[in-house]
Amino acid sequence: MSTIGQSIKIENVSKFYGSFQALDTVSLEAAPGKFLTILGSSGSGKTTLLKIIAGFEAANSGQIFINGEDVARKKAYERNIGMLFQNYALFPHMTVEENIAYPLKLRKCSKAEIGERVNDIIKLVKLDGMEKRLPKQLSGGQQQRCALARAIVYNPPLLLLDEPLGALDKNLRHEMQFEIKRIQNELGITTISVTHDQEEALTMSDKICIMSHGVIQQCSSPEEIYEEPKNQFVAEFIGNTNLIKGVVESKKKESDCWVSMVKTGLTEELIRVEEPLDRRQYNLDDVLLALRPELIHLMKEREGHINSFRASIVNSVYMGDYYRVLVKTRDSSELSVKISPEAYRKYAGEKELEFFFNANCVTTIYEKEKGVILKTVEDRFIPAA
Amino acid sequence: MSKENIKSFSGDINAHGVPASHRIAKATGLKWVIMLLPLLFVVVSLIISLLGILKRSFVGTDGFTLDYYVKILTEPLYTTVLLNTLKTAVIVTIACLLLAYPAAYLSVRAKKPIVRRLITGGILIPYWMSMLVRIFAWQIIMQTNGVLNQLLMFFHITDEPIQFLYTTGAVCVSMTHILLPYMFLSLQSNMEGIDENLSTAALVMGARPARGFVDVFLPLSVPGIFADSLMVFVLSLGFYIAPALLDGANNQMMSNLIEQNMNSFNTNLAAAMSFELLVIVFVILGIAFKFVGNIFVPKR
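Residues numbered from 1 in each chain as written. Chains lettered and ligands numbered in written order. Predicted model: local features only at pLDDT ≥ 70, side-chain atom pairs only at ≥ 80, totals over all residues.

Engineer: Lay out the overall build of chain B in plain terms, naming residues and giving numbers.
Structural biologist: Broken down by element type, chain B carries 14 helices and two strands. The burial tally for chain B puts 26% of its 300 residues in the buried class. Of all intrachain contacts in chain B linking residues separated by at least 6 positions in sequence, the fraction that spans at least 24 positions is 67%. (Helix = DSSP H or I, 4+ residues; strand = E, 2+ residues; numbered from the N terminus. Buried ≥ 20, exposed ≤ 12 C-beta atoms within 10 Å, placed from the backbone. Contact = placed C-beta atoms within 7 Å.)

Printed below as a string of structure tokens:
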């Protein structure tokens, strides 16, 4: 199916409310037909950014390009953007059909064309048979389908979703996640979604921008966000993660990866960290190692393995397909680990267990100190031959 | 409300969301007492005296008679006053609506709280002044050589003073002034119930603000317009002081005529006229209930 979506590019947008800076030189970009999620907690500036894109508010500086055209001077009603509101904002005095036809009426489409397009879109969002109902006679999920239909019926090149699934219960949320994704894919509308729900962001997006305090912390694919968080905020914001303090003892560039040897409190030995060559490396000693609980394995056969450490079980919670176990290491720091039920039942009785993790499963995080400009390692580091 | 406050109510929130202490909430029969006391008051003071008036309107010196009703429905004096009353009430209601609607809209949609406060304050401050003071103020303004006439003559809009006082116009101006806050406040609370996102949604879909207002906000505010207009209409039907002080003998309103008949001991006629007015109000409310639903309980 052809793509109706157009590219959107936001460059150095800043927004002040009085002396409060809601957005600090925010830049992001989405290719035509892509699904981009702005993820952040409340007060992170994500809604402000959405309002600026939609044209409800003006930025103090910076530019917004839709399909290469600067839209800063365009009013909201001239931008031709589709938007799905958190509470749907369906017109309560109009039927489903009338609601969906409204934007087409504004565009002065002929009656026949309106009828045809409304019919098509009602089929697409599976609201057949509901045409004559009023919004209050629809269930929450149906209301959302109706709102979505109304937002896309006029083929907007850009669709904005404001906390799209926030008002739905859990089962419906999963269903609608896939529905929205399916329809967005089918039509190829460039979509920007704003949410605080990380699961929603991970499952729906081609690209996630994590925002906090008006600043974009990281903007990359869901996999990269989850597996290679750029900083401590991102690492802690998405999923569960263990952050281990360490000091880099040595760092060298091998043929296919960066290898850092890090001194930590886990064991006497150095921890070996392997990271891809395109990952930025900093010439700093203090580092945090981000390690996902599911990547720490229980060592069943007691054979030597790099990055192994001993720890005792403090606490455990049964989660169905795994146990979430809190373990205490040699330096009495606590780590979260996932253990399969079989392994847990077999080994839980033991006083101390041995764990290991692979060198390429760890991510180094260099914290930016205030006022210190980080220098990438490439600037000074001479690659190994 | 802070946590301490909630605790002091023993954490018992009843079905109506009103915090009440356990002991009071659980006292059996207390709610009946609470409901019956005001009901008793209404029955004794209102219904019984109304029944007395009703009886008086049907009973003459020779027992049951319809003479009083025939008289007020056929004699030109009485029918003219009735029509005048209805006309005045309609004019006042429309004037209140036209003045209050834009003000309420602006106050609800104002981006800055100060704008909302200024509008609301500007309309409500007169409301706190004595009604008599306001009516006398209009009397002074509209006198033959009052401020209004002097201004008009100063700007040569008129060469001779215009007769403002003792006209239906004077009564309408003063009644509108008095009833405006009622219309404004209830319109405002109705409009607050209209989700602002709806107008924003219309905007994104490509509707200019004026178009969005006509298509979305206006239709949604119609039930409020009906309910509030009805309230003002009913209030103005029975208005007494403003017409008494500002109206001439030729264009009286019902309440003034009733009062005159009371003073001249035509109590039976006064009773019949009172009931005529009451029936008109009930009929109007009945029609409203039939077509608009229970407009006095906002749907949220």
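On we go from here.
Engineer: Explain helix 11 (residues 209-237) of chain B to me, using residue names and the numbers behind them.
Structural biologist: By the largest-angle criterion, Leu-218 of chain B marks the main kink of helix 11 of chain B, which is about 40 degrees, and a proline, Pro-219 of chain B, follows within four residues. Taken residue by residue, helix 11 of chain B has Gly-212, Asp-215, Val-216, Ser-221, Gly-224, Ala-227, Asp-228, Ser-229, Val-232, Phe-233, Ser-236 and Leu-237 of chain B as its buried positions. (Bend = angle between axes of the 7 residues up to and from the residue.)

Engineer: Tell me about helix 9 (residues 168-192) of chain B, residues and numbers included.
Structural biologist: In a regular helix each residue adds 1.5 Å, so 25 residues correspond to 36 Å; helix 9 of chain B covers 34 Å between its end C-alpha atoms and thus fits that length. Where helix 9 of chain B bends most, at Leu-179 of chain B, the angle is about 40 degrees, and the proline Pro-181 of chain B comes one to four residues later. (Expected span 1.5 Å × (residues − 1).)

Engineer: Hey, could you go over the sheet that holds strand 1 (residues 8-17) of chain A for me, with residue numbers and the actual values?
Structural biologist: Residues and elements named next belong to chain A. What the four strands build is an open sheet, ordered 2-1-4-5; its pairing is antiparallel. For this open sheet the edge positions go to strand 2 (20-30) and strand 5 (69-70), each flanked by a neighbour on one side alone. Pairing of strand 1 with strand 2, which is carried by seven bridges, proceeds in the antiparallel orientation. Paired with Val-13 across the bridge in strand 2 is Val-26. Packing of helix 1 (residues 46-54) onto the sheet brings it into contact with strand 1, strand 2 and strand 4 (61-66), and relative to strand 2 it is tilted by some 65 degrees. (Pairing = 2+ DSSP bridges. Axes fitted to C-alpha atoms, helices over the stretch in contact; angles between N-to-C directions.)

Engineer: Explain the confidence of the model for chain B to me, and be specific about the residues and the numbers.
Structural biologist: All names here are of chain B. On average, chain B scores 86 in pLDDT, and the residues at 70 or more come to 88%. Across residues 1-15 the pLDDT falls below 50, and counting only partners more than four positions away or on other chains, this stretch makes 15 contacts in the model. Confidence estimates for the predicted assembly give a pTM of 0.79 and an ipTM of 0.78. (pLDDT = per-residue confidence, 0-100.)

Engineer: I'd like a rundown of the confidence of the model for chain A, residues and numbers included.
Structural biologist: When pLDDT is averaged across chain A, the result is 87; 94% of the residues are at 70 or more. Here residues 369-385 of chain A scores under 50 on pLDDT; set against residues more than four positions off or in separate chains, the count is 20 contacts.

Engineer: Please set out the domain arrangement of chain B residue by residue, giving values where relevant.
Structural biologist: All names here are of chain B. Domain boundaries in chain B define domain 1 (1-65) and domain 2 (67-291). Here domain 1 and domain 2 have C-alpha centroids that lie 30 Å from each other. Every contact between the two is made by six residues of domain 1 and, on the other side, eight residues of domain 2. When residues in the side of domain 1 that touches domain 2 are grouped by element, the largest group, four residues, is from helix 3 (residues 30-58). Class assignment of the residues belonging to the side of domain 1 that touches domain 2 gives a composition of two nonpolar, three polar and one charged. (Domains from an automatic or database assignment. Nonpolar A, V, L, I, M, F, W, Y, C, P; charged D, E, K, R; others polar.)

Engineer: Can you tell me about the pairing of strand 16 (residues 308-318) of chain A, naming the residues and giving the values?
Structural biologist: Each regular strand carries side chains that alternate between the two faces of the sheet. Residues and elements named next belong to chain A. Here strand 16 pairs with strand 19 (residues 353-356) via four bridges, running antiparallel. If you follow Ala-311 over to strand 19, its bridge partner there is Leu-353. Pairing geometry for strand 16 and strand 17 (residues 323-329), over seven bridges, is antiparallel. Among the inter-strand pairings, Ile-313 is bridged to a residue of strand 17, identified as Val-327.

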